[in-house]
Amino acid sequence: VEEASLQEEFSRFFDRTKAGLLGQAYLLVGNPEDAQDLVQEVYLRVWRNWDRVSSLDNSVAWSRSVLHNLAIGRWRRLKIQRSRSHLNSRATVATPEVSADHLDLISALMSLPTIQRRVLVLRAFDGLSTADIAAEIGTSEATVRLWLSRARASIAANLRMKSAPPSRKVR
Amino acid sequence: VLPEDGSDSEIDRLVRLAGEVASEFAWKVEAADVFDARRKRSAGVRSFRSLAIAAFAVVIILLLLVPMPQFHIFPSHGSTRAGGAPQSATSSTLPSLRSDFYPSYLARASSNTAYVVAREMCGGSICLQLLLTSDYGATFERVTPPASQIAANGSFEMTFANPRDGYTVLGPALAHQRLIMTGNSAKSWHLIRFGSTASVYQVAVSKLFAYALVVSCSSKESCSKYRLYRAGVGSSVWVSLAVPSSHDLAGQQIFIASYGDTVWLSIGDGGEVDVLRSTNEGESFSTVSRIPAIGCKLEPTSETVIWLNCDTGNDGAWFRSDDGGHNFGVLPLQGSNVGALDPVSSSIAYFSPVTSRGLYRTIDGGQTFHQESSLSLDVSFGNLMHGLGLVFESQGRTELSRTSDGGSHWEPVRLPKGN
């Protein structure tokens, strides 16, 4: 009975956070299949530690941190886990046809250093304030602002470069 | 995508929108899978620990009892590889297209990808071969057909949600139609089973979902009890949905089509066709309009624009709606008798009359049609300019052609021939 109750509680948390974590994971790793694997792994860890996570003030932030940590070393970690886990084989994610602009933006995001990408996603997608981001990743607000500024500048430069018309040939 | 003013808020908005795009993906992450994986992983860890302890004990016993053996760290030549994936046919292992095969069916998969079905009579049935082009006719590769043979008078419908995921309904008669799907660009196909008496009437796909209209048949002629099934594109898990209770579907002319989250059904009772629409992925339907025809094939190009190709008995009739199916306007093609409509977008469509020659195109949403070619052909356009066409020749033969100027000029496509 207690297990069923815990599962129900976790399922509610899962439904509430799934879309946000999947969106974040996608922005962090740049492709749906890896994002799906990551989020599956995050929820496995959340469920494994549910008695502790459920009592936290901000269990969403805890899940988000697990996601970010896994994303940093995702190849190394997931390869090991997949080789010995009983997770389903890597499932493909059906996606609607996305625009070239969308792909350009994802590509620009992937070209950012990991920490810059993380703060930009937390700011732009999660809507966290610089103070909240600083608290979540354990740094100062000034540093967060610096990383944000660099991330935005890199993306703007990257997109301008892609949208610039090709130079004319001079005869 | 370039921020107009390069401002921070503009960059943030673009990142947020990119993340929101992910909500449209067909994710396969479920809480039940987490519980299941956790149970299996725990069991695996326990088994691994037990095995490790047992192995350690065995090694200790062996070390105590037997003289030290000579260990080989690296495997010798000829060792077998465990856990190999099952083999499937690839283009390199398929025979070349025999010269007596001729192209007969086009299936568009994306703006630059199409599949061409080639067929030929072999004995009392029809042999199939399948070709894939990823550059709309410039080059082709051989892929595996969903079946090597089909019945001569049987049905065959092939549709693709994207270049990778495709569905084919085929069978000798309504009572025996089967759904076969591929998830790897037709390298291999597998049968979808809905029950021992179930026959697949039709399938429709959007970018996200596939829908199968299935009917139970107690005998060759007696089919009733329609069911609608839905699966994520590429998924083998089909969810059963109820068909609209407002209509008795047995013996009616039914067509199903989908775009995004919206599904349409057209149900013809012999005199009028009811168009039904679902905006919740097939969970429920409501009748949105009625068309004076026997049956209407639905061709949505967005969630609001639908083109209809209707059979009125002796003639054909063509309609277009730009409000999701509530209202339909008649297209100015009445004198063309019967023909095929190939909508490319909400404003562009091609029309090929069957009883006369010519290819006609509209670029203004069907208000006017202009003749683009005098050839008699069936077409499948990937975009405004690039298309493939089956040019009808004498004795029922066809030749595959391609255009890159919107249908004004067609050049024959050389398919790989061989024995």
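In case you missed it, the structure is sitting above this.
Residues numbered from 1 in each chain as written. Chains lettered and ligands numbered in written order. Predicted model: local features only at pLDDT ≥ 70, side-chain atom pairs only at ≥ 80, totals over all residues. Heavy atoms only, no water.

Asker: Would you explain the side chain of T133(B) in this entry?
Answerer: All names here are of chain B. Relative to the elements of secondary structure, T133 occurs in strand β4 (residues 125-133). Look at T133 and you get buried, because its relative accessible area is 0%. Within the structure, the side chain of T133 is placed 2.8 Å from the backbone nitrogen of G137, a separation counted as a polar contact. Within polar-contact distance, the side chain of T133 engages the backbone oxygen of T139 at 2.8 Å. (Helix = DSSP H or I, 4+ residues; strand = E, 2+ residues; numbered from the N terminus. Buried < 20%, exposed > 50% of the residue type's maximum accessible area, 1.4 Å probe, protein only. Polar contact = N/O pair within 3.5 Å; in protein donor to acceptor, adjacent residues only side chain to side chain.)

Asker: What should I look at first to understand the pairing of strand β16 (residues 262-268) of chain B in this one?
Answerer: Residue and element names in this part refer to chain B. With respect to burial, β16 is a largely interior element, 7 of its 7 residues being buried. Of the two faces of β16, the one carrying T262, W264, S266 and G268 and the one carrying V263, L265 and I267 are both buried. Pairing geometry for strand β15 (residues 253-259) and β16, over 7 bridges, is antiparallel. By the bridge assignment for β16, F255 is matched with S266. As paired strands, β16 and strand β17 (residues 273-278) are joined by 6 bridges and run antiparallel to one another. Bridging across to β17, G268 finds its partner in V273. (Pairing = 2+ DSSP bridges.)

Asker: I would appreciate a short explanation of the environment of C310(B) in the present structure.
Answerer: Residue and element names in this part refer to chain B. Within the secondary structure, C310 sits in strand β20 (residues 306-311). A relative accessible area of 3% means that C310 is categorised as buried. C-alpha of C310 to C-alpha of P292: the two residues are 18 residues apart in sequence and 9.0 Å apart in space.

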